[in-house]
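# Descriptive structure summary
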Amino acid sequence: MSLQQLFNHDEFIGRHIGPDALERAAMCAELGVADLETLIDQTVPAAIRFKRKLDLPDAVTEAEALAKLSAIAAKNIINKSFIGLGYHPTRLPNVILRNVLENPGWYTAYTPYQAEIAQGRLEALLNYQQMVIDLTGLEMANASMLDEATAAAEAMTLARRVSKSKSNAFFIDSRVLPQTLDVIRTRAKYFGYELVLGHPEEAGNADYFGALFQLPGAGGDVIDLTPSIAAAKARGAVAIIAADIMAMVLIKSPAEMGADVAVGNTQRFGVPMGFGGPHAAYFAFREDMKRAAPGRIIGVSVDAKGKTALRMALQTREQHIRREKANSNICTSQVLLANLAGMYAVYHGPEGVRRIATRIHRLAAIFAHAVKAAGCALVYDRFYDTVEVKLGDKAAGVYAAALAAGYNLRRVGDSVLAVAFHEQASEGDLAFLIELFSGKAADIAALDAAAPDAIPAALKRESAILSHPVFNQYHTEHGMLRYLKRLENRDLALNHSMISLGSCTMKLNAVAEMLPVTWPAFAELHPFCPADQAVGYHEMIAGLADQLKAITGFDAISMQPNSGASGEYAGLLAILRYHESRGDSARTICLIPQSAHGTNPATAQMLGMQVVVVKCDESGNVDVADLKAKAEMHAERLGALMITYPSTHGVFEESIADICALMHGYGAQVYMDGANMNAQVGLTRPADIGADVLHMNLHKTFCIPHGGGGPGMGPIGMKSHLAPFMANHVVSAVPGAQAGQGAVSAAPFGSASILPISWMYITMMGAEGMRQATGHALLNANYVAAKLAPHYPVLYSGKQGRVAHECIIDLRPLKAASGITEVDIAKRLMDYGFHAPTMSFPVAGTLMIEPTESENKAELDRFIAAMLSIRAEVQAVEDGVWPADNNPLVNAPHGKADIAADWDKPYSREQGLFPLPYVLDNKFWPAVNRIDDVYGDRNLVCSCPATADYL
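The following refers to the structure shown. (Residues numbered from 1 in each chain as written. Predicted model: local features only at pLDDT ≥ 70, side-chain atom pairs only at ≥ 80, totals over all residues. Heavy atoms only, no water.)

Within the protein one finds 32 helices and 25 strands. Radius of gyration (C-alpha) of the protein: 28 Å, near the 30 Å computed for a compact globule of 951 residues. Dimensions along the principal axes, computed over C-alpha positions, put the protein at roughly 85 × 70 × 65 Å. In the protein, which comprises 951 residues, the proportion classed as buried is 66%. Taking the contacts inside the protein whose residues are at least 6 apart along the sequence as the reference set, 77% of them involve residues at least 24 apart. Carbon and sulfur atoms form 51% of the exposed surface of the protein, whose accessible area is close to 30900 Å². Here the protein holds 81 positive side-chain charges and 98 negative ones, and the gap between their average locations is 3 Å. (Helix = DSSP H or I, 4+ residues; strand = E, 2+ residues; numbered from the N terminus. Rg over C-alpha atoms; globule rule 2.2 N^0.38 Å. Buried < 20%, exposed > 50% of the residue type's maximum accessible area, 1.4 Å probe, protein only. Contact = heavy atoms within 4.5 Å. Areas by Shrake-Rupley, 256 points an atom, 1.4 Å probe, with all protein chains shown as cover. Lys, Arg positive; Asp, Glu negative; His and termini not counted. Charge placed at Lys NZ, Arg CZ, Asp CG, Glu CD.)

Given below as structure tokens:
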């Protein structure tokens with residue numbers, strides 16, 4: 001070997017891709033093809049093939065990529081942040097950092113659609129909901145939203161759904177966070193709502209369907225919102241408070257002030273600022289709003305043996321069921337971050353959280369007292385953590401001196417500076433800031449004795465918080481460690497077995513990709529810090545954008561959308577803004593094929609578009625004749641086509657380029673859903689095919705982990721004519737974005753701190769590695785399809801009988817013959833140690849299987865063996881060997897309790913618990929038996945039950 005070969009710069013490619021050369025050869029032989037290139041030729045239409053090497057550097061090793069990124073990160077400057085405005089330095093307890101955030105048992109899990117093998121994550125989310133319920137005083141809460149600004153926008157639309165007011169106007173407190181107002185303005189325009197800004201006291205002066213208040217205000221002031229809320233509600237408005245999660249520990253709850261809905265960010269509960277995210281927004285509401293609320297709610301139910309069990313309630317996959325009638329398109333929450341915040345409350349408990357909240361306020365109160373005594377005027381005398389100081393012509397000098405000393409303050413205006421205290425602030429920080437503002441050395445002890453609190457006595461919280469036992473028993477590190485481990489053991493994640501969810505792309509999330517997320521240089525930056533302190537961030541983001549441009553062919557990338565659904569919204573928004581710029585604002589018809597991704601119709605309706613569904617033919621392709629007819633019918637108003645490619649049916653449509661050209665001929669734009677980009681990278685490019693805009697699920701194709709149901713990132717690629725209409729940001733302008741283009745997320749670059757994951761993945765794989773990954777995704781999917789086809793019909797395939805990166809198997813014939821349903825098969829797979837593939841989407845009565853390139857042949861064969869064994873069990877039911885109502889499938893999953901329980905089943909205990917030999921060596925025990933979904937919805941409880949109920 002040459003020295004270059006010995007350095008093995010492309011080593012990571014073999015770490016990421018499952019099948020080795022021998023396995024690849026065996027799989028190709030099984031498919032009857034000479035090699036992988038032959039299979040690609042049979043799968044991807046020649047007319048759209050990308051014939052060149054991707055314009056990416058060659059692969060590098062993990063060490064080389066980490067060194068390169070470390071050098072970029074070192075260009076960031078970590079000042080002490082006292083900026084506030086919704087983002088604050090905090091401390092994530094190390095036991096949670098190591099055992100949750102850095103633990104693949106937590107971060108590689110999928111959304112808990114299969115609840116029996118997600119009980120640990122569901123319990124953690126229930127804790128989070130209980131925490132939010134306690135602090136807001138409201139009756140229900142969901143399992144988190146994307147960020148505070150989008151949560152506030154969702155609250156606005158909730159208000160419109162439930163308010164009986166005939167008004168089309170929505171009142172907004174002029175004290176609201178500017179990024180929240182930015183996002184709400186974007187949303188409101190396309191819903192046709194009128195926004196009215198004013199002081200809270202003005203909320204009752206006219207009729208509004210809803211009113212949003214901020215607590216504390218963006219300037220830090222704390223006021224009693226009770227009379228303003230009462231006045232607004234008396235005129236039919238739904239009252240919403242956007243409240244600081246830490247301030248609520250000490251201040252009267254939103255419910256006590258009369259709010260119907262409360263929203264906010266839980267970032268202060270241990271989650272790093274991360275240049276803007278990811279963070280879990282909370283969303284709490286009155287119980288009578290539960291069926292109109294957006295997002296996911298974790299509910300308490302029972303399993304088949306009457307044991308307490310948790311599940312997602314009410315809104316489960318509502319986007320795919322109700323489509324354009326869904327409450328929201330948001331199907332990504334921030335589960336991993338919600339779990340961090342919830343565990344922060346569990347670990348600290350009520351006394352610990354109250355001590356932290358009180359310390360923050362005490363620092364602010366002492367600072368305010370000192371600078372006021374020195375002759376400085378305060379803008380507000382009543383505040384929680386943020387003090388605005390009038391300094392006149394001294395403001396610029398003080399700001400510059402702070403900056404030189406390593407402190408970031410917020411410039412409110414030419415003469416006013418704001419100082420926002422936080423969990424990391426120390427006595428030394430307090431002393432420095434007092435001396436900086438007052439010119440005098442501070443005697444902290446004397447000031448502490450003299451300084452009054454700055455929260456009005458009438459607004460101080462007296463109601464209890466975090467009284468449930470879960471918040472009062474895990475305060476030692478041993479106790480917390482064991483609690484976290486117990487929950488982890490109740491969840492199936494990628495560290496146990498493959499998760500073959502179609503359209504979800506559950507591939508390797510390599511440790512080398514994850515490491516930079518917790519580097520202080522990426523984790524500790526405020527999203528609104530001075531630009532020269534974030535040079536490394538901007539370089540990394542620009543580098544990732546260039547990588548994505550090379551992969552997709554687009555001219556511009558917007559990194560702001562912080563989920564796939566947010567990317568859909570941003571992409572359609574750019575299209576609508578483009579039409580408006582040309583005087584074509586009437587182009588609001590959106591054609592969506594039946595094979596499109598399930599959130600697409602909900603996204604279109606959120607932008608005021610009218611959804612027209614296009615049929616698919618028997619092979620699962622878009623019915624081009626129906627597309628032409630509907631395009632012609634709506635020619636004058638045709639705005640966009642939303643199409644998923646390869647389709648959600650798992651095939652490359654031969655006519656895709658013609659479809660794009662047809663839309664362009666009618667003056668429409670083509671939005672391509674990037675859910676299935678994993679089948680395109682290096683083989684074809686969306687922009688070359690004819691797409692005008694595409695969102696990219698970085699949490700699918702580009703290796704950001706799903707985190708148990710979030711985080712995600714959904715940046716969009718745009719052709720040059722749409723680039724001017726990408727989202728900008730009112731607080732911190734996005735480089736290259738035009739002024740006046742409203743935001744779609746709270747932070748300029750969405751969840752910026754997880755972008756290094758995708759940067760690392762693409763950098764380590766290089767041009768050839770990215771193409772190989774796609775080829776092996778096609779290989780693995782076709783191998784699984786070929787092995788299952790004799791036993792389960794494969795519903796759709798391409799022109800040459802190949803599937804793309806996923807396949808759909810049809811279970812409807814089995815159901816007709818045996819009564820066994822897709823649910824039964826999904827639950828039975830748990831007994832074999834697997835998470836079920838995507839169930840009944842996009843076709844009812846089917847399973848959609850996507851094995852991804854990261855699974856080797858041995859793991860694929862293990863999954864295939866499980867599916868064939870299950871097929872034999874179904875046959876036994878068909879043949880009458882087992883009764884239709886008492887067999888291993890309808891009784892699945894079998895749990896630990898079944899080991900010693902009385903056994904009156906017509907099959908052996910071994911058949912039920914250990915159906916194949918490999919299961920005995922690697923048994924994953926479902927924590928509960930089959931959960932009763934109907935009971936859970938009829939008896940909806942979304943708060944923590946008694947601890948004994950879990951045992």
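Before going further, it helps to spend a moment on the sheet that holds strand β17 (residues 589-593). Strand pairing in a sheet takes place through backbone hydrogen bonds and is either antiparallel or parallel in direction. Ordered in space as β16-β22-β21-β20-β19-β17-β18, the seven strands form an open sheet in which the pairing is mixed. Each end of this open sheet is capped by a strand with a single partner; those strands are β16 (556-558) and β18 (610-614). On average, adjacent strands in this sheet sit at an angle of 25 degrees to one another, irrespective of strand direction. The pairing of strand β20 (residues 669-674) with strand β21 (residues 693-696) spans four bridges and is classified as parallel. Along β21, the bridge assignment pairs Gly674 with Met696. Contacting β19 (638-644), β20, β21 and β22 (716-718), helix α21 (residues 564-581) runs over the sheet at an angle of about 170 degrees to β20. (Pairing = 2+ DSSP bridges. Axes fitted to C-alpha atoms, helices over the stretch in contact; angles between N-to-C directions.)

At a minimum axis distance of 8 Å, the contact between helix α9 (residues 148-162) and helix α10 (residues 178-191) shows a crossing angle of 40 degrees. Like other packed secondary-structure pairs, α9 and α10 cross with a definite hand, here right-handed. Packed against α9, whose contacting residues are Glu148, Ala149, Thr150, Ala152, Ala153, Glu154, Met156 and Thr157, the element α10 presents Gln179, Thr180, Val183, Ile184, Arg187, Ala188 and Phe191 at the interface. Of the residues that constitute the contact of α9 with α10, the class distribution is eight nonpolar, four polar and three charged. (Left-handed = near helix turned anticlockwise from the far one by under 90°. Nonpolar A, V, L, I, M, F, W, Y, C, P; charged D, E, K, R; others polar.)

Looking now at the sheet that holds strand β11 (residues 377-378). Judged by pairing direction, the sheet is antiparallel, and its four strands sit side by side in the order β11-β12-β15-β14 without closing on themselves. At either end of the open sheet lies a strand with only one pairing partner, and these are β11 and β14 (410-411). The pairing of β11 with strand β12 (residues 386-390) spans two bridges and is antiparallel. Residue Leu378 lies in a different strand from β12, and its bridge partner there is Val389.

With that out of the way, let us pick up the packing of aromatic side chains. Within the structure shown, the criterion is met by 26 aromatic pairs. A ring pair is formed by Phe275 and Tyr537, whose centres lie 4.4 Å apart and whose planes are at 15 degrees; its orientation type is stacked. Of this pair, Phe275 sits in the loop between β7 (261-265) and β8 (281-285) while Tyr537 sits in helix α20 (residues 535-552); the two residues are 262 residues apart in sequence, bridging distant segments of the chain. When sorted by exposure, Phe275 lands in the same class as Tyr537, which is buried. Seen in terms of ring centroids, Phe834 and Tyr918 are 6.5 Å apart; in terms of plane orientation they differ by 65 degrees. Their pairing is edge-to-face. Within this pair, whereas Phe834 is found in the loop between α28 (822-831) and β24 (838-839), its partner Tyr918 is found in helix α31 (residues 917-921), the two being separated by 84 residues in sequence. With respect to burial, Phe834 and Tyr918 carry one shared label: buried. Over the ring of Trp903 we find Lys905; its NZ or CZ atom is 4.6 Å from the centre of that ring. (Phe/Tyr/Trp six-rings, centres within 6.5 Å; stacked < 30°, edge-to-face > 60°. Lys NZ or Arg CZ within 6 Å of the ring centre and 35° of its normal.)

On to the packing of helix α5 (residues 62-73) against helix α26 (residues 755-788), then. Where α5 contacts α26, the two axes come as close as 10 Å, and the packing angle between them is 135 degrees. With respect to their mutual orientation, α5 and α26 come out oblique. Helix-helix and strand crossings are classified by hand; for α5 and α26 the assignment is right-handed. Facing α5, whose interface residues are Glu62, Ala65, Leu66, Lys68, Leu69 and Ile72, α26 presents Pro756, Trp759, Met760, Thr763 and Met764. Looking at the contact of α5 with α26, its residues break down into eight nonpolar, one polar and two charged. (Parallel < 35°, antiparallel > 145°, perpendicular 65-115°, else oblique.)

Before going further, it helps to examine the pairing of β20. Most of β20 is tucked away, with six of its six residues classed as buried. Side-chain alternation along β20 places Gln669, Tyr671 and Asp673 on one buried face and Val670, Met672 and Gly674 on a second face that is also buried. One ladder, built from five bridges, connects β19 with β20; its direction is parallel. If you follow Thr644 over to β20, its bridge partner there is Asp673. As for the winding sense of the linkage, the β-α-β connection from β19 through helix α24 (residues 656-665) to β20 is right-handed. (Right-handed = clockwise from strand over helix to strand, strands pointing away.)

A few words now on unusual backbone geometry. Residue Gly277 is joined to Pro278 through a cis peptide bond whose omega torsion reads 10 degrees. Note that Pro278 resides in the loop between β7 and β8. At Leu85, a position not held by glycine, the phi torsion is positive, near 60 degrees. On the basis of relative accessibility, which here comes to 9%, the residue Leu85 falls in the buried class. In this model, Ser840 sits at a positive phi of 60 degrees, which is unusual for a non-glycine residue. Mapped onto the elements of the fold, Ser840 is located in the loop between β24 and β25 (846-849). The exposure class of Ser840 is partly exposed, given its relative accessible area of 27%.

Glancing now at the pairing of β18. Where β17 and β18 come together, five bridges link them in parallel fashion. When the bridges of β18 are listed, Pro593 appears paired with Val614. Where the polypeptide runs from β17 across helix α22 (residues 600-606) and back to β18, its parallel neighbour, the crossover connection is right-handed.

This part covers helix α17 (residues 477-488). An ideal rise of 1.5 Å per residue puts 16 Å on twelve residues; α17 measures up with 16 Å between its terminal C-alpha atoms. Of the positions making up α17, those classed as buried are Met480, Tyr483, Leu484, Leu487 and Glu488. Buried residues of α17, viewed axially, fall in a sector of 135 degrees; they line one side. Next to the buried residues of α17 lie α6 (94-101), α7 (104-107), α8 (119-136) and α13 (335-373). (Expected span 1.5 Å × (residues − 1). Arc of directions from axis to C-beta.)

Attention now goes to the environment of Pro646. Mapped onto the elements of the fold, Pro646 is located in the loop between β19 and α24. In the structure, Pro646 is positioned 123 residues away from Ala523 in sequence and 36 Å away in space, judged by C-alpha atoms. Look past the residues within four positions of Pro646 in its chain and what remains in contact with it is Val651, Phe652, Asn676, Ala679, Gln680, Ala804 and His805.

Should the sulfur atoms of two cysteines be covalently bonded, the bond is a disulfide. With the rule as written, the count across this model stands at zero disulfides. Here Cys616 is not cross-linked by a disulfide; its sulfur's nearest cysteine counterpart is in Cys590, at 15 Å. Taking relative accessible area as the criterion, Cys616 reaches 16% and is therefore assigned buried. (Disulfide = S-S within 2.5 Å.)

Attention now moves to the pattern of salt bridges. Per the counting criterion, the structure on display carries 41 salt bridges. One salt bridge in this structure joins Arg812 and Asp810, with 2.9 Å as the shortest N-O distance. Relative accessible area serves as the criterion here: at 10%, Asp810 is assigned to the buried category. Salt bridges linked by common partners bring Lys233, Asp260, Arg286 and Asp288 together as one network. (Salt bridge = Lys/Arg side-chain N within 4 Å of Asp/Glu carboxyl O.)

Right, let's get into the nonpolar core. With 324 residues, the main nonpolar core has Phe269, Phe367 and Phe421 as its most contacted residues. A per-element tally of this core places α13 first, with 22 residues. Excluding its chain neighbours within four sequence positions, the residues that come into contact with Phe269 are Thr90, Met131, Leu135, Ile245, Met246, Val249, Leu340, Ala341, Tyr344, Ala345 and Val353. Counting residues in hydrophobic clusters, the runner-up holds ten residues, among them Ile499, Leu501, Cys504 and Met506. (Core = buried A, V, L, I, M, F, W, Y, C linked by side-chain atoms within 4.5 Å.)

In this section: the side chain of Arg187. Within the secondary structure layout, Arg187 lies in helix α10. Setting aside residues up to four positions removed in sequence, Arg187 forms contacts with Thr150, Ala153, Glu154, Met156, Tyr569 and Met606.

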